[in-house]
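Read off the chains here:
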Amino acid sequence: MNTIMLAGDMAKAGGAIGAGVAALGAGVGIGQIGKGAVESIARQPEAAGDIRANMILTAAFVEGVALFAVIAGILAIFV
């Protein structure tokens, strides 16, 4: 009985760690996207509109995947 309770607590800790890692990964990824966009605009200012649009779209995709990962981690904690 005690082993089952310990396994449940480990799963909750794993879910919490997973949610945190997903949030950190998304932050780093969006930072890299922004860095690349700024460097690209500095090299080719006339393409700033296209670069900005692609940057926002890519950041939205990264944020969407991170949201799913955080939700999965939170579900692992509470379920």
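It should be noted that the structure appears before, not after, this text.
Given the structure is predicted, the values throughout are model-derived calculations rather than measurements.

Participant: Which residues make up the overall build of the protein, and what values do they have?
Facilitator: Assigned secondary structure in the protein consists of two helices and zero strands. In terms of overall size, the protein is more extended than a compact globule, its C-alpha atoms giving a radius of gyration of 19 Å where 79 residues would be expected to give roughly 12 Å. Each principal axis of the C-alpha distribution contributes one length, and for the protein these read about 65 × 15 × 10 Å. Within the protein, the fraction of its 79 residues that count as buried is 16%.

Participant: Break down a nonpolar patch on the surface for me, with residues and values.
Facilitator: Among the surface-exposed residues, L67, I71, I74, L75, F78 and V79 lie close enough to one another that they form a single nonpolar patch of about 670 Å² accessible area. With respect to the helices, strands and loops of the structure, L67 is situated in helix α2 (residues 48-78). Overall, L67 belongs to the exposed group, its relative accessible area being 51%.

Participant: Quick rundown of the environment of G31? Include the residues and the values.
Facilitator: Its place among the elements puts G31 in helix α1 (residues 2-43). Looking at G31, the relative accessible area reads 42%, which means it is partly exposed. A sequence separation of 28 residues divides G31 from A59, and the C-alpha atoms of the two residues are 9.1 Å apart.

Conventions we followed
Residues numbered from 1 in each chain as written. Predicted model: local features only at pLDDT ≥ 70, side-chain atom pairs only at ≥ 80, totals over all residues. Heavy atoms only, no water. Helix = DSSP H or I, 4+ residues; strand = E, 2+ residues; numbered from the N terminus. Rg over C-alpha atoms; globule rule 2.2 N^0.38 Å. Buried < 20%, exposed > 50% of the residue type's maximum accessible area, 1.4 Å probe, protein only. Patch = residues over 30% accessible without salt bridge, like charges linked within 9 Å, V, L, I, M, F, W, Y side chains within 5 Å. Areas by Shrake-Rupley, 256 points an atom, 1.4 Å probe, with all protein chains shown as cover. Salt bridge = Lys/Arg side-chain N within 4 Å of Asp/Glu carboxyl O.

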